[in-house]
Amino acid sequence: IHPGEAPGPARPGREGAGGEMKTLAIDIGSSIGMASNLPDWLIPMHKKYDGDRRQRAGEFMLAMNRILKDLKPFGLEVVIYEDTFARGINAAKYLYGLIGVVEATCYSAGFTALWVPPSTLKKWATGQGNATKADMIAAAQMLGYAGEDEHEADAFCLLCYAEANVIEEIKDDG
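The paragraphs below set out a description of the structure included in this document. Everything numeric here is computed off the predicted structure, so don't read it as measured data.

Regarding the layout of surface pockets
In this structure, the largest pocket occupies an estimated 640 Å³ of space. What lines the largest pocket is a set of 23 residues, and nearest its centre among them are Asp27, Ile28, Phe85, Arg87 and Lys133. Split by residue class, the lining of the largest pocket holds nine nonpolar, six polar and eight charged.

If you want it as structure tokens, here you go:
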């Protein structure tokens, strides 16, 4: 899956899989990676917010509002994101601000927002909670991802993790 392309069937063997929740997975950082199991999803999978640091969160909020609005007619049900690990006060303010944007926009649009710790995702995808970016890209490719972008790969692994571990729990609680 490459930016701007529709994912189509997300993974081999998943074509026509019944009962899966329509999910948007987000890798949050200075570059945002996204993956979804919506068949007609035409939104770019990777976006870097390069503007003034003080305006990046606002740009991301507008983008999230647009994405959620655009995906609602396709039946989006849940948004899952990888929690962030911030080094330094400025990074912490920025990244946790983005998490607040994701949670607020999901809440206002009526979607469930869930998070997964990075070490949990890495351990699930690679067997190591401290996996490298290259390890995560390789794991995503083993799951059916065709690209090389680290942010898209994380989002793709997160989507697969959600489908394997989280979605059934939500259905059971529902």
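Topic: the packing of helix α3 (residues 118–126) against helix α4 (residues 133–142)
Taken N-terminus to C-terminus, the directions of α3 and α4 make an angle of 55°; their axes are 9 Å apart at the nearest point. In terms of orientation, α3 lies oblique with respect to α4. Here α3 and α4 pass one another in a crossing that is left-handed. Contacts from Leu121, Lys122, Ala125 and Thr126 of α3 reach α4 at Asp135, Met136 and Ala139. Here the residues of the contact of α3 with α4 sort into four nonpolar, one polar and two charged.

Quick look at the pairing of strand β5 (residues 112–116)
Here strand β4 (residues 78–82) runs beside β5; their pairing, made up of five bridges, is parallel. Each residue of the ladder has a partner; that of Tyr81, found in β5, is Trp115. Taken together, β4, helix α2 (residues 89–109) and β5 form a β-α-β motif whose crossover is right-handed.

Structural notes on the state of the cysteines
Overall, the coordinates contain zero disulfides when judged by the stated rule. Left without a disulfide partner, Cys157 is nearest to the cysteine sulfur of Cys160, which lies 6.4 Å away. On the accessibility criterion, Cys157 (0% relative accessible area) is buried.

What about the nonpolar core?
If you look at the biggest cluster of nonpolar residues, it comprises 25 residues, and the most contacted ones within it are Leu24, Ile26, Leu68 and Val79. Of all the secondary-structure elements, those providing two or more residues to this core are β1 (23–27), β2 (31–36), α1 (53–71), β4 and α2. Looking at this core element by element, the count peaks at nine residues for α2. Residues Leu121, Ala131, Ala139 and Ala153 belong to the second largest nonpolar core, which totals 21 residues.

Some thoughts on the environment of Met61
Along the chain, the position of Met61 falls in helix α1. When its relative accessible area of 38% is taken as the criterion, Met61 is described as partly exposed. Between the alpha carbons of Met61 and Val101 there is a distance of 5.7 Å; along the sequence they are 40 residues apart. Setting aside residues up to four positions removed in sequence, Met61 forms contacts with Val101 and Thr105.

Some words on the environment of Val79
Checked against the element boundaries, Val79 lands in strand β4. Residue Val79 is classed as buried on the basis of its relative accessible area, which comes to 0%. Val79 sits 36 residues away from Trp115 along the chain, and the two C-alpha atoms are 8.6 Å apart. The residues contacting Val79, other than those within four sequence positions of it, are Leu24, Ile26, Leu68, Val102, Cys106, Phe111, Thr112, Ala113 and Leu114.

What counts, and at which threshold
Per chain, the residues get numbers from 1 upward, laid out in the order the sequence is written. Under the rules for a predicted model, residues below a pLDDT of 70 receive no local features and side-chain atom pairs below 80 are neither given nor counted, while totals for whole chains, interfaces and linings still include all residues. Hydrogens are left out, water is left out, and the side-chain values use all remaining heavy atoms of the structure. Grid points spaced at 1 Å and placed over the protein atoms alone form the basis of the search, with a cavity being a set where a 1.4 Å probe fits but cannot get out and a pocket an open set showing protein on both sides within 12 Å along at least five of seven lines. Lining residues have an atom within 4 Å of a point. Grid points are joined across faces, edges and corners, and a volume is the space filled by probe spheres set on the points. By the convention adopted, Pro, Cys, Tyr, Trp, Phe, Met, Ile, Leu, Val and Ala count as nonpolar, Lys, Arg, Asp and Glu as charged, and the other residues, Gly among them, as polar. Axis lines are fitted to C-alpha atoms, over the contacting stretch for helices. Their N-to-C directions set the angle, which ranges from 0 to 180 degrees. Think of it this way: any DSSP run of H or I at least four residues long counts as a helix, any run of E at least two long counts as a strand, and we number them from the N terminus. Our angle categories are set so that under 35 degrees counts as roughly parallel, over 145 as roughly antiparallel, 65 to 115 as roughly perpendicular, and the remainder as oblique. Note on convention: the crossing is left-handed when the near helix lies turned anticlockwise from the far helix by less than a right angle, right-handed when the turn is clockwise. Note on definitions: a residue-residue contact is assigned when non-hydrogen atoms from the two residues lie within 4.5 Å. Two strands make a pair as long as DSSP finds a minimum of two bridges between them. The definition of a right-handed crossover adopted here requires that, viewed with the strands pointing away, the path from the first strand over the helix to the second runs clockwise. A pair of cysteine sulfur atoms is labelled a disulfide when the two atoms are within 2.5 Å. Think of it in three bands: residues with accessible area under 20% of the maximum for their type are buried, residues over 50% are exposed, and the middle band is partly exposed, with areas taken using a 1.4 Å probe on protein chains only. To qualify as a nonpolar core, a set must consist of buried Ala, Val, Leu, Ile, Met, Phe, Trp, Tyr and Cys residues joined through side-chain atoms within 4.5 Å.

Worth remembering: the numbers are spatial, not functional.
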